[in-house]
Amino acid sequence: QVQLVESGGGLVQAGGSLRVSCLASGRTWSNYAMGWFRQAPGKEREFVAAISYIGHRSYYADSVKGRFTISRDNAKNTVYLQMTSLKVEDTAVYYCAARTGGYEGSYNVRHYDYWGQGTQVTVSS
């Protein structure tokens, strides 16, 4: 069983930066790849970034590549998403997710087994 709790969302102006965090619990959490997804009103949940179980590989959606950075600190049971050069279109609820079935990150929302409750990120113009 894995529990995930996101934090760090908020309101930021376009061009600004924000870091969201995901605190995980569970004995074998560090064996799991982790991902960040987001969902805007009226839209499907979409992939943002993912990281392998020891953090040696990361994956990004084209829309955030070069602006967002995913990282993890297994000693702190935490995954981070550093967001820079934020755009209005980045506004969404951001969810972290754990993939128990593989060591590598995945773009596919169906590959993730545990989800947090989400944290709202709002970018104003």
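Caption draft 1: Spotlight on the environment of Q3. Along the chain, the position of Q3 falls in strand β1 (residues 3–7). Residues Q3 and R27, 24 residues apart in the sequence, show an inter-C-alpha distance of 11 Å. Excluding residues that lie within four positions of it along the chain, Q3 makes contacts with L23, A24 and S25.

Caption draft 2: Just the environment of R19, in detail. Tracing the sequence through the fold places R19 in strand β3 (residues 18–25). When the C-alpha atoms of R19 and V93 are compared, they prove to be 13 Å apart, with 74 residues separating the residues in sequence. For R19, the contacting residues outside a window of four places in its chain are S7, G8, Y80, L81 and Q82.

Caption draft 3: Structural context of the sheet that holds strand β8 (residues 78–83). Read from one edge to the other, the open sheet built from four strands follows the order β1-β3-β8-β7, with strand pairing classed as antiparallel. Only two strands of the sheet have a single partner each, and these edge strands are β1 and β7 (68–73). Neighbouring strand axes in the sheet, compared pairwise and without regard to direction, differ in orientation by 15° on average. Pairing geometry for β7 and β8, over six bridges, is antiparallel. Residue pairing in the sheet places R72 in a bridge with V79 of β8.

Reading guide: rules and limits
- Residues numbered from 1 in each chain as written.
- Predicted model: local features only at pLDDT ≥ 70, side-chain atom pairs only at ≥ 80, totals over all residues.
- Heavy atoms only, no water.
- Helix = DSSP H or I, 4+ residues; strand = E, 2+ residues; numbered from the N terminus.
- Contact = heavy atoms within 4.5 Å.
- Pairing = 2+ DSSP bridges.
- Axes fitted to C-alpha atoms, helices over the stretch in contact; angles between N-to-C directions.

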